[in-house]
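So you can see what is in the structure, the chains are spelled out below.
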Amino acid sequence: EIAKLPKETLALWEKYGADESDDKESFQKSFIRHVTTTLARSIYNIDNFSAYQATAHSVRDRLIKRWNETQQTHTEVDSKRVYYLSLEFLLGRSLDNALLNLGLKDNYGGGIKELGFTMEDVLEQEVDAALGNGGLGRLAACYMDSLATMDYPAWGYGLRYTYGIFQQRLKDGYQIEFPDYWLNFDNPWELPRLDVVVDVQFCGSVNRYTDEEGHERYAWEGGDTLQAIAYDVPIPGYGTKNCINIRLWSSKPKRQFDLTRFNEGQYEQAVYEQMQAENITAVLYPNDNHMVGKELRLKQQYFWVAASLFDIVRRFKKSEKPWSNFPLQVAIQLNDTHPTLAIVELQRILVDLEGIGWDEAWAIVTQTFAFTNHTILPEAMERWPVPMIQYLLPRHMQIIFDINLFFLQKVEKAIPNNRDLLAKLSIIEESTPQFVRMAHLAIVGSHRVNGVAALHSELIKQTIFKDFIQFYGESKFENKTNGITPRRWLHQANPKLSELITETLGSKNWLKNLDLLKGLKSHVNNKDFRKRWVAAKLSNKVRLADYIQKATGVTVNSNALFDVQVKRIHEYKRQFMNILGVIHRYNTLKKMTSEERACVVHRVVIFGGKAAPGYYIAKLVIKLINSVAEVVNNDNSIEDSLKVVFIPDYNVSVAEIIIPASDISQHISTAGTEASGTSNMKFVLNGGLILGTVDGANIEICEEIGDDNIFMFGNLAHQVDDLRHAHR
Ligand code: 73E
Ligand code: PLP
C-alpha cells in the first residue's frame, strides 16, 4: 500500500515524521508549544499543574511514537501475542516512570528548571490512576512494565472506571470514603480510540435453528445492546523501544433512539435507560479478597470480556490464518476468576458465530487460556447464581451447562462410579438456587493453572483444587511466584540507593537483571559503601517523616526505628495483632524508669491501608489504631520512645515514599492465608528487614536473603487448622 503513494508524499512523511529529539532544548520547545496550544495558557498564568500537563504532553508525544512503531512491528512480524485480562490495573503515576523508562529524566529535569519549575513539584501534581484494590491490581501493573521491558508483544485488557478505589480520609479516627473522580482533568496517559467500538449484548433469548448444511445451531437474539469504547494506555519498557498497550473499555449507550418511546412521551424513561449503560464502567468494586455477588459486577465482567475477545479475535482474523492456529497466535492469561466468562465467550464465538464443531472449538479454547489463582480464602471464591446468568447471558448459561456435562462425562469415564467426586468437581453447585463455581470453570477451560508463591501453589493442590488432581494429575497445576518491577520500586522510588548500586556495580544492567545485585555482596564491609547506604536510608526516612507531618500532623524522629505495616486492612493480615503488640510495648515502656527507657531503641510504628467500605471489623481496627495513637503520642511520660501513626489514603504514590524508608516491615498473616504478598518483596529490595510469618512469598524471600535478614515466627500452615479447632 505504501509503495503506491507518490514519492513527494512519502518524502513529506519522512521529513516531518522524523523523531523530535530528546535533548533539553527540544523538550523546552515542546513544553512551550503545549502550554500555548494544548492548554491555551501563557507564560503569565502557568502554575505547577499546567507545567505538569505540558511536560506530560511532551512525554506523551514521544510515547505515542513508540507505541505506533511497536504496534506496526508486531503487526508486520505477526508474532504470538500474550493478553493479560485483569479487572484491575493499579498503575499509580505515569510521568516519572515514563521519563525514566524513556531515558528522558536528566534532560527534562534540567529543562524544566530553566523554565522556572522543579521536577519534584511537577511530579507531585499527578493524580494516581488507582483502578485496583491492592496486590492483585498492582501485580498486573508490574507485569505490564516487565512485559514491555522484556520486549513481549503483550496487551492488557481492563475497564476504564470513572471512579477508581475510593479516597480514604479519617474523621475522629474513623475511615470515611470519598469518590476518586480521577478524570476530573484531562488524562494525558490515555489515547481515546473513539473509532474502536464494540457492541455488547445482554439479556434476550436463544433460538435454535438448522443451518444450510443441516447442522443444529443456536442464535442469541434480542435484549439490550450497549457499546464499549476503547481507551489505550501506552506502557513503555525500560531501555527498549518496545511500548505496549493496556486497552481499557468504557461503556456507552448505543445511540438507537427508541422512537415509539419518544412518541409516547416517555422521554425521561428513554433517557434513563440510556444512562444505565454508562453505569457499567462507573465504579471499581472496592473489595479486596472478597466476593460481592452484585448483578452490576457480573455485567462489568461480561462487558469487559466480550469487548476484549471481540478485539482479540478481530486481530487474529486479519492474519487470515486457519482457526487451528489460534492458540499458536494467542495466549490469554486470566487474572483470577474475574474474566472466566472469556472461556465461555470464545466457545460461543467459535461454535455459534464461526460454525466450528464443539470439540474442535473446545480444543482451541483450552489451549488458549491459562488461569492464575490468587487466594484460597472461601469468602473470595466467585460463584454466581444460575438464574442471574440465565437472565443476563442466556446462551452462555447453556454453554456452561454443556461444558460441565462433557467434562463430567470425561470424569465418569476415567474414574467410574464415583458420584461424590462428580459432585465435588462439578462446575455447578447443586444448591437452591444453583450456582456456577467460577474457579471450576476456569480450571476446566484452561491448560494451566498457577498459584502465586511456592507455598500457595502447593496449598491449592491440597485444599480448594484437591479433587481436580485426581482427574488431571499434578502437571496441570504449577507455580509462578509473583514479582515486582525494580524500575518503579527501587530505581524510581529510591534514587539514592539506585545510584549507589549502579556506581558500585559499574552499570545499570541490574535494572533488567536483578540477579546482578549479588555483586554487592563483596562490598558489604566497605566503609564508604556502608556509609552511603545508611545515608540513603536516612534521607528516605526524613522524606517520610516530612510526609507524616503533613498528612497526620504528628512529628516523628527520623533517627527512630521505622516499623511499618501498610496493606489493605483485613483480619487475615492481622493488623489487630500488631496493634495489640503496640499496646503491650507502650505498657512496658510506661513501667520502665527513665534510665531503663534510655536503653530502648526509639520506635515509630506506621500503619496504612484501606478497609472495604462494608467491612465493619476492618474499619473498627482502623479506629483502634488511631485511638491507640492518640494515647501514645500524647503521653510525655514515655519520652518519645514510641510513636504510632496511621497514614491516610495508602496508595501507590504513598507506597513509593513509605517503602524505601522502612527499617522493619510486618507481613504477619496467619500461615496459609496470604497467597504471596508483593509489598514484602518491595521492602526487601529497598534494604529493609522483615518481620513475618511462614506464609506466601516470605518463605522464598527468606531462602534468597538468608535468615539473618528476616525475623520469622509463628505456626506453620499445616498446624493452623488443628490450632483453630483446639481453641474452640
Ligand atoms: O497475597 C496476595 C497476592 O500477593 C493476594 O491476597 C491478592 O493477590 C496478590 C497478587 O497475587 C489477591 N487479591 C485478590 N485475591 N487475591 C482479590 C480478590 C477479589 C477481588 C479483588 C482482589
Ligand atoms: N496496595 C498498594 C497501594 C501497594 O502498592 C501494594 C504493593 O506494593 C499492595 C497494596 C499489596 O501489598 P501486600 O502485598 O502487602 O498486600
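To start, this report covers the structure provided alongside it. (Residues numbered from 1 in each chain as written. Chains lettered and ligands numbered in written order. Predicted model: local features only at pLDDT ≥ 70, side-chain atom pairs only at ≥ 80, totals over all residues. Heavy atoms only, no water.)

Focus: empty space enclosed by the protein
Then, in step 1: Scanning all chains against the criterion turns up 6 cavities of 30 Å³ or more.
Then, in step 2: Considered as a void within the structure, the second largest cavity measures approximately 180 Å³ in volume.
Then, in step 3: In this structure, the second largest cavity is lined by 15 residues; those nearest its centre are Leu 91, Ser 94, Asn 97, Ile 235 and Arg 488.
Then, in step 4: Of all the secondary structure elements, the ones that give two or more residues to the lining of the second largest cavity are α4 (95-101), α7 (135-149) and β10 (224-236).
Then, in step 5: Among the elements that make up the lining of the second largest cavity, the one with the highest residue count is β10 (4 residues). (1 Å grid on protein atoms, 1.4 Å probe; cavity = no way out; pocket = protein on both sides within 12 Å on 5 of 7 lines; lining within 4 Å. Points joined across faces, edges and corners; volume = space filled by probe spheres on them. Helix = DSSP H or I, 4+ residues; strand = E, 2+ residues; numbered from the N terminus.)

Quick notes on the sheet that holds β10
Then, in step 1: In spatial order, the strands read β7-β10-β11-β4-β1-β12-β13-β17-β18; together these 9 strands make up an open sheet with mixed pairing. For this open sheet the edge positions go to β7 (191-202) and β18 (477-479), each flanked by a neighbour on one side alone. Shown here is a sheet whose adjacent strand axes are inclined to one another by a mean of 25°, direction ignored.
Then, in step 2: Sheet analysis places strand β1 (residues 81-85) next to strand β12 (residues 330-335), joined by 5 bridges and oriented parallel. Bridged to Tyr 83 within β12 is Ile 332. (Pairing = 2+ DSSP bridges. Axes fitted to C-alpha atoms, helices over the stretch in contact; angles between N-to-C directions.)

Some details on the site of ligand 1
Then, in step 1: Taken together, 17 residues lie near ligand 1, and Asn 289, His 374, Asn 482, Glu 674 and Gly 677 sit nearest.
Then, in step 2: Residue Asn 482 places a side-chain N or O atom 2.8 Å away from an oxygen atom belonging to ligand 1.
Then, in step 3: The separation between an oxygen atom of ligand 1 and a polar main-chain atom of Gly 677 is 2.8 Å.
Then, in step 4: Taken by itself ligand 1 offers 480 Å² of open surface, and the protein chains cover 96% of this.
Then, in step 5: Split into classes, the residues belonging to the shell around ligand 1 amount to 5 nonpolar, 9 polar and 3 charged. (Near = heavy atom within 4 Å. Polar contact = N/O pair within 3.5 Å; in protein donor to acceptor, adjacent residues only side chain to side chain. Areas by Shrake-Rupley, 256 points an atom, 1.4 Å probe, with all protein chains shown as cover. Nonpolar A, V, L, I, M, F, W, Y, C, P; charged D, E, K, R; others polar.)

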